[in-house]
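# Close look at the chain arrangement
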Amino acid sequence: MRKSHPVRRAVLATAATVSGIVLLLSLKPASDPGSAAAAGGAAPPAAAQSPQGGSQPIGDGTVTGDAASTQYGAVQVRLTVSGGKITKAEAVQAPKGGQSDRITSSAVPRLNQAAVAAQGAEIDAVSGATYTSAGYKKSLQSALDKARAAGAPESSGPGGGGNAGNEQAGTVTGDAAQTQYGPVQVRITVSGGKITKAEAVQAPKGGQSDRITSSAVPRLNQAAVAAGSAEIDAVSGATYTSAGYKQSLQSALDKAGD
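In what follows, the accompanying structure is described. (Residues numbered from 1 in each chain as written. Predicted model: local features only at pLDDT ≥ 70, side-chain atom pairs only at ≥ 80, totals over all residues. Heavy atoms only, no water.)

### Description of the nonpolar core
By size, the foremost hydrophobic cluster in this structure holds 19 residues, and its most contacted members are Ile-188, Tyr-245, Leu-249 and Leu-253. Sorting the residues of this core by element identifies β6 (185–191), β7 (194–202), α6 (208–227) and α7 (239–256) as the ones contributing at least two each. Element by element, the count of residues in this core is highest for α7, at five residues. Among all residues touching Leu-249, those that are not within four sequence positions of it are Val-186, Ile-188, Ala-224, Ser-229, Ala-230 and Ile-232. (Core = buried A, V, L, I, M, F, W, Y, C linked by side-chain atoms within 4.5 Å. Buried < 20%, exposed > 50% of the residue type's maximum accessible area, 1.4 Å probe, protein only. Helix = DSSP H or I, 4+ residues; strand = E, 2+ residues; numbered from the N terminus. Contact = heavy atoms within 4.5 Å.)

In structure tokens form, the structure reads like this:
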């Protein structure tokens, strides 16, 4: 038998090696794993998002929002804040009379609960109480705005004159409260965190109102100092004046940061 020439064997071996390399290269994936990782896995980090809303802290205490007028009567919300959170919400004014009594008694407790749960004014309206719900949310937002103003940092510069510091001691006047017989507006003097003096700078005047005012207001002033709050009883025979007095007194307390 004829033997193969050594040179031929070397050429055949080299050709086989080259063919193997070509075959391996043809089987290599077209997409480089490294480049795939760069395209998909190495995305730039997302920009850090600031907390939604960036709201100011809420000051502790009790604060009453402005009364919101509705088609069926005013709605006014009072909040109690502790540890920067709403712990209690209540409607100090709500529509009354006729069918409004039933709607108010059903809707207001649910709105109160919703305000505490949501910790804000973004609450759903109660079905069947559209106007009351809208008024409640408006007054609730007003109360939150006042609470945030009270909780704002007190560093308004040296001798800063920020409300939070100055109103703890001194004289502050509440918003005028409108009544059927005229406005009532209360001014209080606060010292050491306590009411030391209360006076009505506005009260119903003219005709029978003069007699009622002269009798009721001094008693309301005394009651405000004694109670240290707006939780005072109405004076018999002076229902409207008493209600207006309490509303303006609460406004003054809110401003004083009490």
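### Examining the pairing of strand β4 (residues 85–93)
Judged from the seven bridges that link them, strand β3 (residues 73–82) and β4 form a sheet pairing that is antiparallel. Each residue of the ladder has a partner; that of Val-81, found in β4, is Ile-86. The antiparallel hairpin formed by β3 and β4 contains two residues in its connecting segment, where Gly-83 sits at a positive phi of about 65 degrees. (Pairing = 2+ DSSP bridges.)

### Focus: the pattern of salt bridges
Counted by the stated rule, this structure contains five salt bridges. Across the salt bridge formed by Arg-187 and Glu-199, the nearest N and O atoms sit 3.9 Å from each other. Placement of the pair is Arg-187 in strand β6 and Glu-199 in strand β7, with a sequence separation of 12 residues. For Arg-187, a relative accessible area of 30% corresponds to the partly exposed category. Since its relative accessible area comes to 24%, Glu-199 is described here as partly exposed. Three or more residues are tied together by salt bridges with common partners; here these are Arg-78, Glu-90 and Glu-231. (Salt bridge = Lys/Arg side-chain N within 4 Å of Asp/Glu carboxyl O.)

That is the geometry; function is a separate question.
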